[in-house]
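Next come the chains, spelled out residue by residue.
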Amino acid sequence: MTWKIEYYDEGLEEEIFALPDTLLARYIKLTDLMKEHGSDLGMPRTEPLGKGLFELRLKGKEGIARVFYCTMVGKKIYMLHCIIKKTEKTPNKELALARKRMREVKDNV
């Protein structure tokens, strides 16, 4: 059984698929690997952030992006939030939003 990618909402899916070309290509390549091998691809592709939250690390000629996600029973990977990084450290408000969405997803299962 392969893993399935789901999105927090339609707006997030549109935001991810509107990423600049090289970041989108990296996202598609990594999510194809996730569908086949699971959510933990290891550094530098994925990184656990604690309490069930992970980040998918995208790097391309247009910059760096992060897509935050969690996993659910039934081999489901839920994409929760996406940012294009402008600073070295991920802003706390972005992590807080991803954690809030993760709680909402887990509460509704």
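Coordinates for the structure precede this section.
So, here is what we can say about the structure in this document.

## Details of the pattern of salt bridges
1) Next: The tally for this structure, following the rule as stated, stands at 5 salt bridges.
2) Next: The closest approach of N and O atoms between Glu47 and Arg57, which form a salt bridge, is 2.9 Å. Here Glu47 is found in strand 2 (residues 46-50), whereas its partner Arg57 is found in strand 3 (residues 53-60), with 10 residues between them in sequence.
3) Next: Glu55 is paired through a salt bridge with Arg66; the nearest N and O atoms lie 3.5 Å apart. Remark: Arg66 occurs in strand 4 (residues 63-72) and Glu55 occurs in strand 3; sequence separation between them is 11 residues.

## Here's the deal with the side chain of Thr31
1) Next: Residue position: Thr31 is located in helix 2 (residues 21-37).
2) Next: Using a relative accessible area of 5% as the deciding quantity, one classes Thr31 as buried.
3) Next: One polar contact links the side chain of Thr31 to the main-chain carbonyl oxygen of Ile28, over a distance of 3.2 Å.
4) Next: Leave out the neighbours within four places in its chain, and Thr31 touches Ile5, Leu56 and Met79.

## With respect to a negative patch on the surface
1) Next: Among the surface-exposed residues, Asp9, Glu10, Glu13 and Glu14 lie close enough to one another that they form a single negatively charged patch.
2) Next: As for its position among the elements, Glu14 is in helix 1 (residues 10-17).
3) Next: For Glu14, a relative accessible area of 52% corresponds to the exposed category.

## Some details on helix 2
1) Next: Between its first and last C-alpha, helix 2 extends 24 Å over 17 residues, near the 24 Å set by a 1.5 Å rise per residue.
2) Next: Taken together, the buried positions of helix 2 are occupied by Leu23, Leu24, Tyr27, Leu30, Thr31 and Met34. Buried residues along helix 2 cover an arc of 135 degrees about the axis, so they all sit on one side. In helix 2, those exposed residues whose orientation departs by more than 90 degrees from the buried face are Asp21, Glu36 and His37.
3) Next: Looking at the packing, one finds that the buried side of helix 2 touches strand 1 (4-7), helix 1, strand 3, strand 4 and strand 5 (76-84).

## Section: unusual backbone geometry
Glycine aside, residues mostly have negative phi, and peptide bonds are mostly found in the trans state.
1) Next: Here the amide bond leading from Met43 into Pro44 is cis, since omega sits at 5 degrees, within 30 degrees of zero.
2) Next: Along the chain, the position of Pro44 falls in the loop between helix 2 and strand 2.
3) Next: Despite not being glycine, Lys51 has its phi angle at roughly 55 degrees, a positive value.
4) Next: Relative to the elements of secondary structure, Lys51 occurs in the loop between strand 2 and strand 3.
5) Next: Located in the positive-phi region is Lys75, a residue other than glycine, with phi close to 55 degrees.

## Observations regarding the environment of Lys35
1) Next: Examined against the element boundaries, Lys35 turns out to sit in helix 2.
2) Next: Taking the C-alpha atoms as reference points, Lys35 and Lys76, separated by 41 residues in sequence, lie 9.0 Å from one another.
3) Next: With residues up to four places along the chain from it excluded, the contact list for Lys35 reads Thr2, Trp3 and Ile5.

Reading the values: the criteria
Residues numbered from 1 in each chain as written. Predicted model: local features only at pLDDT ≥ 70, side-chain atom pairs only at ≥ 80, totals over all residues. Heavy atoms only, no water. Salt bridge = Lys/Arg side-chain N within 4 Å of Asp/Glu carboxyl O. Helix = DSSP H or I, 4+ residues; strand = E, 2+ residues; numbered from the N terminus. Buried < 20%, exposed > 50% of the residue type's maximum accessible area, 1.4 Å probe, protein only. Polar contact = N/O pair within 3.5 Å; in protein donor to acceptor, adjacent residues only side chain to side chain. Contact = heavy atoms within 4.5 Å. Patch = residues over 30% accessible without salt bridge, like charges linked within 9 Å, V, L, I, M, F, W, Y side chains within 5 Å. Areas by Shrake-Rupley, 256 points an atom, 1.4 Å probe, with all protein chains shown as cover. Lys, Arg positive; Asp, Glu negative; His and termini not counted. Charge placed at Lys NZ, Arg CZ, Asp CG, Glu CD. Expected span 1.5 Å × (residues − 1). Arc of directions from axis to C-beta.

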